[in-house]
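Residue-level structural notes
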Amino acid sequence: MMNSDGIPGSMPNEPDFVSIERIVRESGRRVRGNHAFTVSTKGSVENLVTSADLENERFLRSELTAALPGSAFMGEEGDEASLSDSEWVWIVDPIDGTTNFSRGIPMCAVSVALFRNAEPYAGFVLNPFMDVMYSAVRGRGAFKDGNPIHVSDRDFKSSLLSTAYCCYEKSLAEGCFRVSEILYPRINDIRRIGTAALELSLMAEGAGELYFEIRLSPWDHAAALTILAEAGGCYTGIGGDVRFDGPSPVLAANSEENLALLSEAVNEVYRGRVPYRS
Ligand code: IPD
Ligand code: CA
Ligand code: CA
């Protein structure tokens, strides 16, 4: 059985994914329709939070935990559950790309991941302005609005890299610029769109091939990496896997071969060490 967004029907003991998709679509409508939001900063002038982020996190927390009784909720704007708090844990970014959202740039995402026993289980990434939904449940493929998606087969020299320069912790920017400098002559081009969840989802449908950020939080990448993996892509960290229990580097690619070449370039700068970990 397939639902409207293409995910095969839910199995016993798992949430009803048709309802989860409805909740994510509804949260997107609320974000899109919120024209009276206020903007504040948290920690630094670059790091914004709007009243729409806070309202949407409240909405998603209440709807998602009601849809899956006993589940825990980790959200960017304050609900700090850990992966061991429950068998099922939601990891949510109510608006990924808040700077874009606050300026009316229609590139942002509602990002909802579901973990089971601390492992990725499902991911939903919605562009609220285009009402486009990327979704995946582990082992069942990746979809965009109900249609199966797959990563591209472009080689390294034809690849498009999405990246960022750690704007909330600019002491880490220099290494990121160096990675771009190394990669630029080896690939097609570079993008900095401003929403990791959406950029990784765009990779899942074949619109880009490489992703690098030195420091992302689980709510930025958890849903989109699940979708990317189901679409045939792959990812890693630096000196180990991507971590879902705290900040982590994220390197992602459309193929193992391109991921190895990306890792090689990143390790020319970082030599296998994460700069903010001892
Ligand atoms: C940010 C966006 C941005 C990425 C940052 C994230 P936010 O999330 O995904 O593209 O470069 O690392 O923190 O703050 O807009 O939710
Ligand atoms: Ca984010
Ligand atoms: Ca956010």
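Before reading on, note that the structure itself is shown above.
Notes on the structure follow. For clarity, every value in this text was computed on a predicted model and none was experimentally measured.

**So, the coordination of the calcium ion (ligand 3)**
Summarising the metal site, the calcium ion (ligand 3) is bound by the protein donors E76 (OE), D93 (OD), D93 (OD) and I95 (O), whose distances to it range over 2.2 to 3.0 Å. Every donor residue of the calcium ion (ligand 3) comes from the same chain, spaced as E-x16-D-x1-I. Between the two metal centres, the calcium ion (ligand 3) and the calcium ion (ligand 2), the spacing is 3.7 Å, with D93 acting as a shared donor. On the criterion of sequence distance, the pair formed by E76 in the loop between β3 (72–75) and β4 (88–96) and D93 in strand β4 is long-range, its members being 17 residues apart.

**Observations concerning the coordination of the calcium ion (ligand 2)**
Within the protein, the atoms that donate to the calcium ion (ligand 2) are D93 (OD), D96 (OD) and D220 (OD), at distances of 2.1 to 2.2 Å. For the calcium ion (ligand 2), all donor residues lie on one chain, and their spacing in sequence is D-x2-D-x123-D. Classification of D220 by relative accessible area gives buried; the value is 11%.

**Some details on helix α1 (residues 17–32)**
The first and last C-alpha atoms of α1 sit 22 Å apart over 16 residues, in line with the 22 Å expected at 1.5 Å per residue. Along α1, the residues that are buried comprise F17, I20, E21, I23, V24, R25, S27, G28 and V31. The inward-facing, buried residues of α1 abut α2 (51–67), β4, α3 (98–103), β5 (109–116), β6 (119–127) and β7 (132–137). In this structure D16 caps α1, since a side-chain oxygen of it lies 3.1 Å from the backbone nitrogen of V18.

**Let's talk about the sheet that holds strand β10 (residues 160–163)**
Neighbouring strands of a sheet are bound in pairs by backbone hydrogen bonds; such pairs are parallel or else antiparallel. Overall, mixed pairing links the five strands, which are arranged β11-β10-β12-β14-β13 in an open sheet. Two strands bound the open sheet, and with one partner strand each, they are β11 (189–191) and β13 (234–236). Taken pair by pair, the neighbouring strands of this sheet meet at an average axis angle of 20 degrees, ignoring direction. The pairing of β10 with β11 spans three bridges and is parallel. Bridging from a neighbouring strand, S162 pairs with R191 of β11. Relative to the sheet, helix α5 (residues 196–204) contacts β10, β11, β12 (210–216) and β14 (248–253), its axis offset from that of β12 by approximately 155 degrees. Relative to the sheet, helix α7 (residues 256–270) contacts β10, β12, β13 and β14, its axis offset from that of β14 by approximately 145 degrees.

**Remarks on the sheet that holds β5**
Taken together, seven strands build an open sheet; the order of strands is β3-β4-β5-β6-β7-β8-β9 and the sheet is mixed. A single partner strand is all that each edge strand has here, and the edge strands are β3 and β9 (147–148). Sheet analysis places β6 next to β7, joined by six bridges and oriented antiparallel. From the neighbouring strand, N127 faces β7, where its bridge partner is V132. Packed onto the sheet, α1 meets β4, β5, β6 and β7 and runs at close to 35 degrees relative to β6. With respect to the sheet, α5 is in contact with β4, β5, β6 and β7, its orientation differing from that of β6 by roughly 100 degrees.

**Re the site of ligand 1**
Taken together, the neighbourhood of ligand 1 is formed by 15 residues, with D96, G97, Y168, G194 and E213 sitting nearest. Between ligand 1 and the protein, one listed contact pairs an oxygen atom with a backbone N or O atom of G97 at 2.7 Å. Counting residues per element, the ones that place at least two in the shell around ligand 1 are β4 and β12. Counting residues per element, the shell around ligand 1 draws most heavily on β4, which supplies three residues. Taken together, the residues of the shell around ligand 1 sort by class into five nonpolar, four polar and six charged.

**Structural notes on the pairing of β10**
What joins β10 to β11 is helix α4 (residues 173–183), and the crossover it makes is right-handed. Two elements, β10 and β12, share three bridges in a ladder whose sense is parallel. By the bridge assignment for β12, L161 is matched with L210.

**Structural notes on the packing of aromatic side chains**
Counted according to the given criterion, the structure contains nine aromatic pairs. Seen from their ring centres, F37 and F101 are 4.6 Å apart, and the 35 degrees between their planes marks the pair as tilted. Of this pair, F37 sits in the loop between α1 and β1 (39–42) while F101 sits in helix α3; the two residues are 64 residues apart in sequence, bridging distant segments of the chain. We classify F101 as buried; its relative accessible area is 3%. Among the aromatic residues, those joined into a cluster by ring pairs are F17, W88, Y121 and F124. Above the face of the Y276 ring, R215 is positioned so that its terminal group lies 5.3 Å from the ring centre.

Reading the values: the criteria
- Residues numbered from 1 in each chain as written.
- Chains lettered and ligands numbered in written order.
- Predicted model: local features only at pLDDT ≥ 70, side-chain atom pairs only at ≥ 80, totals over all residues.
- Heavy atoms only, no water.
- Donors = N, O, S within 2.8 Å, 3.2 Å for Na, K, Ca; no water.
- Helix = DSSP H or I, 4+ residues; strand = E, 2+ residues; numbered from the N terminus.
- Buried < 20%, exposed > 50% of the residue type's maximum accessible area, 1.4 Å probe, protein only.
- Expected span 1.5 Å × (residues − 1).
- Contact = heavy atoms within 4.5 Å.
- Polar contact = N/O pair within 3.5 Å; in protein donor to acceptor, adjacent residues only side chain to side chain.
- Pairing = 2+ DSSP bridges.
- Axes fitted to C-alpha atoms, helices over the stretch in contact; angles between N-to-C directions.
- Near = heavy atom within 4 Å.
- Nonpolar A, V, L, I, M, F, W, Y, C, P; charged D, E, K, R; others polar.
- Right-handed = clockwise from strand over helix to strand, strands pointing away.
- Phe/Tyr/Trp six-rings, centres within 6.5 Å; stacked < 30°, edge-to-face > 60°.
- Lys NZ or Arg CZ within 6 Å of the ring centre and 35° of its normal.

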